[in-house]
Amino acid sequence: MNEIRIHHIGYLVKNIEKSIELFRDMGYDVEFETVYDEWRDVDICFLVKDSYRIELVAPRSKSSAVGELRKKIGNSPYHICYIVDDLDKAIAKFSEFHYVIWQDAHEAVALNGRRVAFMISGQVGMIELLENTVKSDV
Ligand code: NI
């Protein structure tokens, strides 16, 4: 699947403001201000350093989509997000490689409403697929 490109690495944190400060100390710049994603009950902030983009994800509650996961693995990277041209086709393709849906396709407020879906593989772990409806926005 050479046509997929990495968009960001998702990183779970407990306290988004404190972690932004520490990432800034390491030379990261805030790409977009923090956004609250009500559907997933998380605060999200995108940071960039060198040619890398990191997405800080802070669950607001245990019932958040990733609340239990953060408790389990702590502050840690947990997914790689790939840009795809057609989300539904990409989901079908990854399913052929034994990935299963972890979270159905939905619009992501922190990504201008572009659709994302999360899938899991027993060998690779969690990935996010982001539909590239804005071609210049990579
Ligand atoms: Ni992500």
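Residues numbered from 1 in each chain as written. Predicted model: local features only at pLDDT ≥ 70, side-chain atom pairs only at ≥ 80, totals over all residues. Heavy atoms only, no water.

## Remarks on the overall build of the chain
Stage number 1. When you go through the chain residue by residue, the secondary structure sums to three helices and eight strands.
Stage number 2. Dimensions along the principal axes, computed over C-alpha positions, put the chain at roughly 40 × 35 × 25 Å.
Stage number 3. Within the chain, buried positions represent 44% of all 138 residues.
Stage number 4. For the chain, long-range pairs separated by at least 24 residues make up 54% of all intrachain contacts whose partners lie at least 6 apart in sequence.
Stage number 5. Side chains of the chain give 17 positive and 23 negative charges; the mean places of these two sets differ by 5 Å. (Helix = DSSP H or I, 4+ residues; strand = E, 2+ residues; numbered from the N terminus. Buried < 20%, exposed > 50% of the residue type's maximum accessible area, 1.4 Å probe, protein only. Contact = heavy atoms within 4.5 Å. Lys, Arg positive; Asp, Glu negative; His and termini not counted. Charge placed at Lys NZ, Arg CZ, Asp CG, Glu CD.)

## What about the environment of Asp 25?
Stage number 1. Here Asp 25 shows up in helix 1 (residues 16–25).
Stage number 2. A residue is classified by how much of its surface remains accessible, and Asp 25, at 65% relative accessible area, is exposed.

## Quick notes on the coordination of the nickel ion
Stage number 1. Around the nickel ion, the protein contributes the donor atoms His 8 (NE2), Glu 55 (OE), His 79 (NE2) and Glu 128 (OE), which lie 1.9 to 2.1 Å from the metal centre.
Stage number 2. In this structure, the nickel ion is surrounded by four donor atoms whose angles at the metal cover 90 to 174°, and the resulting shape is irregular.
Stage number 3. Taken in sequence order, the residues that donate to the nickel ion follow the motif H-x46-E-x23-H-x48-E. Of this pair, His 8 sits in strand 1 (residues 5–12) while His 79 sits in strand 5 (residues 76–84), and the two are 71 residues apart along the sequence. Just as His 8 is buried, His 79 falls in that class too. (Donors = N, O, S within 2.8 Å, 3.2 Å for Na, K, Ca; no water. Tetrahedral: all angles 85-135°; square planar, octahedral: opposite > 155°, others 65-115°.)

## Some thoughts on the packing of aromatic side chains
Stage number 1. Going through the model one piece at a time under the given rule, you end up with five aromatic pairs.
Stage number 2. Aromatic pair Tyr 11 and Phe 23: ring centres 5.4 Å apart, planes at 85°, arrangement edge-to-face. Of the two residues, Tyr 11 is situated in strand 1 and Phe 23 in helix 1; the sequence distance between them amounts to 12 residues.
Stage number 3. When its relative accessible area of 22% is taken as the criterion, Tyr 11 is described as partly exposed.
Stage number 4. Note on Phe 32 and Phe 46: the rings are 6.4 Å apart at their centroids and 85° apart in plane angle, and the pair reads as edge-to-face. Remark: Phe 46 occurs in strand 3 (residues 42–49) and Phe 32 occurs in strand 2 (residues 29–37); sequence separation between them is 14 residues.
Stage number 5. Three or more aromatic residues joined by ring pairs form one cluster here, namely Tyr 11, Phe 23 and Tyr 28.
Stage number 6. Geometry around Tyr 36 places Arg 60 over its ring, the cationic atom sitting 3.7 Å from the centre. (Phe/Tyr/Trp six-rings, centres within 6.5 Å; stacked < 30°, edge-to-face > 60°. Lys NZ or Arg CZ within 6 Å of the ring centre and 35° of its normal.)

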